[in-house]
Amino acid sequence: MAVRQIRIIGDEILKKRAREITEIDEKVQQLLDDMLETLHQTPDGVGLAAPQVGVLKRAIVVDLSQEENGVGPYKLINPVITKKKGEQVCREGCLSVPGKLGDVTRPKEVVVEALNENGEKVKIKAKDLLAVVLCHEIDHLDGILFTEKATEFYDAEDEE
Ligand code: NI
């Protein structure tokens, strides 16, 4: 496994739509492992999308195992939101937008369908923080950063 470099806002790749993964080979599995290792290298990251490490493929990792009632890690390929319910406002940050937080309105609950690293179908019924993180990471696959959706911005340091 290897830690990969995280692309920062301003990098054109973050605005591009990532491509579907048609074959889950060793390269894709390596990518997912590297993404998880890269995520774990950060002080408080809970999710990472492949475009953030410069790869335009539809893959994300999410790990809330350090949170209360934590779940994960998840390695998801071609994730799609198939159901949305309700609304919540969450103060979000992003590893590609250092030092900034913003309030974003997201669904309160989502169902996400994807493939896991073995090519098996998975269906995640998520609510609260997990729903937010999944929506945020799937947005990355469509070239969307939270800064395009946030209504209020804050400096990350003011939060501590
Ligand atoms: Ni992000």
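Residues numbered from 1 in each chain as written. Predicted model: local features only at pLDDT ≥ 70, side-chain atom pairs only at ≥ 80, totals over all residues. Heavy atoms only, no water.

### Section: the coordination of the nickel ion
1) Next: At this site the nickel ion is bound by Cys94 (SG), His136 (NE2) and His140 (NE2), with donor distances of 2.1 to 2.2 Å.
2) Next: Read N to C, the donor residues that coordinate the nickel ion are spaced as C-x41-H-x3-H. Linking Cys94 in strand S4 (residues 88-94) with His136 in helix H2 (residues 128-141), this pair joins segments that are 42 residues apart in sequence.
3) Next: Since its relative accessible area comes to 11%, Cys94 is described here as buried. (Donors = N, O, S within 2.8 Å, 3.2 Å for Na, K, Ca; no water. Helix = DSSP H or I, 4+ residues; strand = E, 2+ residues; numbered from the N terminus. Buried < 20%, exposed > 50% of the residue type's maximum accessible area, 1.4 Å probe, protein only.)

### Thoughts on unusual backbone geometry
1) Next: Omega for the peptide link from Gly72 to Pro73 comes to 0 degrees, which places this bond in the cis form.
2) Next: Relative to the helices and strands, Pro73 is located in the loop between strand S2 (59-62) and strand S3 (74-85).
3) Next: In the Ramachandran plot, Asn78 falls in the positive-phi region, its phi being about 50 degrees despite a non-glycine side chain.

### Some points on the environment of Ile60
1) Next: With respect to the helices and strands, Ile60 occurs in strand S2.
2) Next: Overall, the relative accessible area of 0% leaves Ile60 in the buried class.
3) Next: Taking the C-alpha atoms as reference points, Ile60 and Leu115, 55 residues apart in sequence, are found 11 Å from one another.
4) Next: In this view, Ile60 contacts Leu32, Met35, Leu48, Ala49, Tyr74, Lys75, Leu76, Pro79, Leu134, Glu137, Ile138 and Leu141; residues no more than four positions away in its chain are not counted. (Contact = heavy atoms within 4.5 Å.)

### Re the nonpolar core
The tendency in soluble globular proteins is for nonpolar side chains to be buried as a group.
1) Next: By size, the foremost hydrophobic cluster in this structure holds 21 residues, and its most contacted members are Ile60, Val62, Ala126, Leu130 and Leu134.
2) Next: At the level of secondary structure, the elements contributing two or more residues to this core comprise S2, strand S6 (109-115), strand S7 (121-127) and H2.
3) Next: Formed by 15 residues, the second largest nonpolar core is a distinct cluster that contains Leu32, Leu36, Leu39 and Ala59. (Core = buried A, V, L, I, M, F, W, Y, C linked by side-chain atoms within 4.5 Å.)

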